[in-house]
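Commentary on secondary and tertiary structure
These are the residues of each chain, in order.
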Amino acid sequence: MSPDHLSMELLIAVRDGDRSEPGYAAARQHADGCAACRAELDRLHQRTAQLRALATLEPAHSAFPAVRQRLEADRRHRWQRRLSWAGLAAAAWAILPVPNYVHLAAGAVALVASINSLTGLIPVAGYDGSEALGEWLGVPGLHRQALAYGLARLRRRPVAAPGGHARLFIWYSLGFVVYNLAMIGIVAALILR
Amino acid sequence: MESGGPEDLHLRPPPSTLRSPGGLRRSPLPLHLYDVMTRALTMDAMSLPNAEAVVAQARRGDPVALEALYRAYASPVYNLARRICRTTEDAEDVLQETFYEVCRSIRNYRGDGSIWGWIRTVASSKALMRLRRNKYRDTELLHDELAPARSASPALRMDLESALDRLSDTARAVVWLHDVEGYTHEEIATQMGRTVSFSKSQLARAHARLRGWLDAGVTA
């Protein structure tokens, strides 16, 4: 553009109201009085409007199945990692010729990791096992939905079970309560022994 | 009437009606941002009428809610990715990467902005990352000298799609993010790891090229 007219930088600054651009005020004043720059500014507006009006491009196929697969793989890997640590700790405990306290520490790690892994797989514990059960039964979010329904029934609130799974939700809630009571009982027995 | 902000959005007439006697548009907001912001505010409502409830469920890991988010926003995410990336394969990868990240990180979404705004930020970040990874050789330069190899009929006047495609990856990304998606130069500079003046100069050079190609009747 000629030196007598606004550069593209200044035209864009005027379009955007970008007062941080050096020379913005003078550029605005110039554009008010210059027919050529006003026309250029209008072209800029039109081009921007045309850009926004371009057709929306659609994906050829859904990417969600691939996303779901990756999320499931992540979950499996998480459990595999925990089990690996448990296995390593147990192996160290078994074979290393080391003092007793190292055996004790390795054993504790193995025990905690194994319990952690195994309890997560219990269908009423609210972790991977619950998700797997929910997927198997075709009830996503089984843990959350079942406990919400169970709690509502306990409080004698009128509530409809989503998907007509009232019986499943009640059994799941009961299982959840029994599981937690059993865990509390085991821990209490270990402490009091 | 040079001041104004988002809070004025509902109090002022549309920018198309705002013209001074001399003909120069005088908008309280940067003109291109006016529509963009209005669209962003209504995007959630249009794509996902019960967005708040769906997001709450998605944050608890409900796969049905996560899929609902995907269905609502896959199209705009893909469009953004396809406009920034050069190939459909790259755009599809960005689409998948974006929703993988959204599903993994939805618990971190605090709900202080629109869900579309958050997803769009993830998408643009993934698309720019894809551009960097591909390391196209013409990142800094407008590569109009390379474009004739892809051109069709010499008699065909270039349309906006072709002209946009002819810009360098960086310039195209800046034009799209700023003029269409409504990102500020500061936001673009942050996402690209460059300066504000880099973003501004890319935008100006890109528009100068587009004007030359489109308005002067340059053939493709």
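Quick look at the structure, then.

1. As for the interface of chain B and chain A
- Listed as interface residues are 53 residues of chain B and, on the opposing side, 46 residues of chain A.
- Carbon and sulfur atoms supply 58% of the area that chain B and chain A bury against each other, a total of about 4500 Å² over both sides.
- Counting the contacts that link chain B with chain A gives seven salt bridges.
- Here Asp18(A) ties to Lys200(B) by a salt bridge, and the two come within 2.9 Å at their closest N and O atoms.
- In this structure, the connection of chain B to chain A is made through 16 residue pairs in polar contact (both at pLDDT 80 or more).
- When contributions to the side of chain B that touches chain A are tallied by element, the ones reaching two or more residues are helix H1 (31-47), helix H3 (63-84), helix H4 (88-105), helix H6 (160-166), helix H7 (169-180) and helix H9 (196-215) of chain B.
- Its residues assigned to classes, the side of chain B that touches chain A comprises 23 nonpolar, 11 polar and 19 charged.

2. Quick look at the packing of aromatic side chains
- All told, the structure shown has five aromatic pairs over all chains when counted by the stated rule.
- Judged by centre distance (5.3 Å) and plane angle (35°), the ring pair of Tyr109(B) and Trp118(B) falls under tilted. Like Tyr109(B), the residue Trp118(B) is buried in the burial classification.
- Through pairs of rings, three or more aromatic residues link up here, namely Phe64(A), Tyr70(B) and Phe99(B).
- Note that Arg70(A) overlies the ring of Tyr100(B), its terminal NZ or CZ placed 3.8 Å from the centroid.
- A cation over an aromatic ring shows up here: Arg194(B) above the ring of Phe198(B), its NZ or CZ 4.1 Å from the ring centre.

3. As for the packing of H7(B) against helix H8 (residues 185-192) of chain B
All names here are of chain B.
- Interhelical geometry of H7 versus H8 gives an angle of 140° and a closest axis separation of 10 Å. Judged on the interaxial angle alone, H8 and H7 are oblique. Handedness of the crossing formed by H7 with H8: right-handed. Facing H7, whose interface residues are Thr170, Ala173, Val174, Leu177 and His178, H8 presents His185, Ile188 and Met192.
- For the contact of H7 with H8, the per-class residue count stands at five nonpolar, three polar and no charged.

4. Comments concerning the nonpolar core
- Counting residues in each nonpolar core, the largest one holds 76 residues, and the members touching the most others are Leu69(B), Tyr73(B), Phe99(B), Ile115(B) and Ile119(B).
- Top contributing element to this core by residue count: H3(B), with 12 residues.
- In contact with Leu69(B), other than residues within four places in its own chain, are Leu48(B), Val54(B), Val55(B), Ala58(B), Phe99(B), Val102(B), Ile106(B) and Ile115(B).
- Within the second largest apolar cluster, 10 residues are counted, among which are Tyr149(A), Ala161(A), Tyr172(A) and Tyr179(A).

5. Concerning empty space enclosed by the protein
- By the definition in use, this model includes one cavity of 30 Å³ or more.
- In this structure, the largest cavity spans a volume of roughly 80 Å³.
- Forming the boundary of the largest cavity are Glu9(A), Ile12(A), Ala13(A), Asp16(A), Asp18(A), Glu21(A), His185(B), Lys200(B), Leu203(B) and Ala204(B).
- Only helix H1 (8-16) of chain A together with H9 of chain B provide two or more residues apiece to the lining of the largest cavity.
- Take the lining of the largest cavity: its biggest share by element is four residues, from H1(A).
- Class assignment of the residues belonging to the lining of the largest cavity gives a composition of four nonpolar, one polar and five charged.

Reading the values: rules and limits
Residues numbered from 1 in each chain as written. Chains lettered and ligands numbered in written order. Predicted model: local features only at pLDDT ≥ 70, side-chain atom pairs only at ≥ 80, totals over all residues. Heavy atoms only, no water. Contact = heavy atoms within 4.5 Å. Buried area = accessible area lost by both parts, 1.4 Å probe. Salt bridge = Lys/Arg side-chain N within 4 Å of Asp/Glu carboxyl O. Polar contact = N/O pair within 3.5 Å; in protein donor to acceptor, adjacent residues only side chain to side chain. Helix = DSSP H or I, 4+ residues; strand = E, 2+ residues; numbered from the N terminus. Nonpolar A, V, L, I, M, F, W, Y, C, P; charged D, E, K, R; others polar. Phe/Tyr/Trp six-rings, centres within 6.5 Å; stacked < 30°, edge-to-face > 60°. Buried < 20%, exposed > 50% of the residue type's maximum accessible area, 1.4 Å probe, protein only. Lys NZ or Arg CZ within 6 Å of the ring centre and 35° of its normal. Axes fitted to C-alpha atoms, helices over the stretch in contact; angles between N-to-C directions. Parallel < 35°, antiparallel > 145°, perpendicular 65-115°, else oblique. Left-handed = near helix turned anticlockwise from the far one by under 90°. Core = buried A, V, L, I, M, F, W, Y, C linked by side-chain atoms within 4.5 Å. 1 Å grid on protein atoms, 1.4 Å probe; cavity = no way out; pocket = protein on both sides within 12 Å on 5 of 7 lines; lining within 4 Å. Points joined across faces, edges and corners; volume = space filled by probe spheres on them.

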